[in-house]
Amino acid sequence: MLTKFYWMVTKDLVSEFRARQAWPAMLMLGVLVSFLFSTQLEGSAEQRSSLAGMLIWLAIYFAGVLAQHRTFAMEQEEGCWDALRMYPVDTSWIYLAKFTVNFLALAALQAVVLSLFVIFSNVPMLDHPLRILTIAGLGNLGLTSVSTLLGGVWAVNRQGPSMLAFLTLPLAIPVLLGASEATRMTLGHESGPLWWRWLGLLVVFAIVFVAAGIVLFELLIEE
Amino acid sequence: MHHQNRKKLPIHFGTGIVASLLVTALFMAMRLAPTEQSMGPVQRILYIHVSVAWSGLLGFALMGVCAMLYLFHRNLAWDQWSQAANEVGWLCSSLTLLTGSFWAHAAWGTWWTWDPRLTSSLLLWALYTGCLIVRGSIHESHLRARITSSLAILGLLDLPLVIMATRWFRGMHPVAPEMEPMMLLTLLWNLVGFSLFFGLLLTRRRRQLQAEGLLGELELEALAGRKSSLNNRVPSLFPDGGLR
């Protein structure tokens, strides 16, 4: 089973490497949004840190999540969707393969956005690298779980892709709030129960929505 | 004719009870409840605001539960209940935002503020609206039911996290303020009245959706030139024998 999972992930990564459809556009948008947001970060170090948390996660959301909806769209456009469904593997593994590819794409975007914020806005991101990595990882899991599942909705209903963008934000709000608050507190050298509470929210969201994605995806794409 | 009227009697009786409860509730809110000292008469909007907000949350929970039941049983009746809860809940959620805005303008001097409770109400409204829009974009009934049920369950899972996240910020929205006994009684009466009104709208809307579903099936069968297998089901839906 793991071999089939590996080949499904590899297929997506290789086809993206060859066709360069989604990742370059997503990364360029990430660079542009990060640059624009960084230019607005002025004032003292405290003021910059307090704003940077929200701006970093908005940049990641705008550039990444909307592009992640395209995961299944590419399968449809290339006529691979039916072939993928005939692949002798449990449906939840298809979801997990797409989820993994989207996670890697968002991780690449996060690396670019966080680096640009360090360079352009001089926020103390490298003072607590482990904390920032933990928040980034958990935030990535939460956002990817929502956007992959909504991408699956697009795969079975091609009439309303723009409607999904309308649903993604309210669904992703707990992740965006949790991640941006935890990032803000980390940049402001704050720690304690409140920081752990936001981290706990990210953990709960990631667990609930990854599990829901595995269960609901199977129900969504059945004939 | 007498038989048909007898069948419709419980519906009229129920509607009458709900209408009288609602009128009494509004009368209590406007006349019997004492005027609040600091805000004055505008505070009376609380009785309606809290009642529709409660009905909005109730609708969302119902929508999620019916969605789960649809996915479990694959019976379109549960999807009709889910759609009815979605539509009536959306109405209540919109009224919550509207009455809240009027109240906020009178009490705080602004139509809107990014208070946690206001934010979570807006997000609830956005989830309701998103589900309605997606529902409207799909024509095949079981596909529509599958997709919207999944979205409703996602929304139901998301809502407690949204409420938790937004309320961890500090806000100015009052949380269970102390009340005069008469104010509390009025609020409870309004909650009961509006909840029953919500239930009435829900059942009526579900009945309409059921009729729509049956008509769709009849049309398809007529197009296929087959003798309808639904003939025996239609009279039970329309006891007076006609489409009103």
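Residues numbered from 1 in each chain as written. Chains lettered and ligands numbered in written order. Predicted model: local features only at pLDDT ≥ 70, side-chain atom pairs only at ≥ 80, totals over all residues.

1. Focus: the confidence of the model for chain A
Per-residue confidence for chain A gives a mean pLDDT of 84; residues scoring 70 or more make up 96%. Across chain A, element-level confidence peaks in helix α6 (residues 91–121) of chain A with a mean pLDDT of 90 and bottoms out in helix α4 (residues 70–77) of chain A with 73. (pLDDT = per-residue confidence, 0-100. Helix = DSSP H or I, 4+ residues; strand = E, 2+ residues; numbered from the N terminus.)

2. Remarks on the packing of helix α9 (residues 193–221) of chain A against helix α5 (residues 141–167) of chain B
Two measures define how a pair of helices packs: the angle their axes make with one another and the distance between the axes. Running from N to C, α9(A) and α5(B) cross one another at 175°; their axes reach a closest spacing of 10 Å. Taken together, the axes of α9(A) and α5(B) are roughly antiparallel relative to one another. Counting all contacts with α9(A), which are made through A:L201, A:V204, A:F205, A:V208, A:A212, A:L216, A:L219 and A:L220, the residues of α5(B) involved are B:R146, B:I147, B:S150, B:I153, B:L154, B:L157, B:L161, B:M164 and B:A165. (Axes fitted to C-alpha atoms, helices over the stretch in contact; angles between N-to-C directions. Parallel < 35°, antiparallel > 145°, perpendicular 65-115°, else oblique. Contact = placed C-beta atoms within 7 Å.)

3. Some details on the interface of chain A and chain B
Tallying the contact residues gives 23 residues for chain A and 23 residues for chain B. Sorting the residues of the side of chain A that touches chain B by element identifies α7 (129–156), α8 (161–187) and α9 of chain A as the ones contributing at least two each.

4. Comments concerning α6(A)
With 31 residues, α6(A) ought to run about 45 Å at 1.5 Å a step, and its terminal C-alpha atoms sit 44 Å apart, in line with that. Just beyond α6(A), the residue with positive phi is A:N122, at close to 55°. (Expected span 1.5 Å × (residues − 1).)

5. Quick look at the nonpolar core
Residue and element names in this part refer to chain A. In this structure, I56, A172 and L202 are the most contacted members of the largest nonpolar core, which totals 109 residues. Per-element tally for this core: the top contributor is α6, with 13 residues. Excluding residues within four positions of it along the chain, I56 makes contact with V113, L114, F117 and T183. (Core = buried A, V, L, I, M, F, W, Y, C linked by C-beta atoms within 7 Å. Buried ≥ 20, exposed ≤ 12 C-beta atoms within 10 Å, placed from the backbone.)

6. Some remarks on the environment of B:R135
All names here are of chain B. Mapped onto the secondary structure, R135 falls in helix α4 (residues 116–136). Using a count of 21 C-beta atoms within 10 Å as the deciding quantity, one classes R135 as buried. Beyond its immediate sequence surroundings of up to four residues, R135 is in contact with Q83, R144 and T148.

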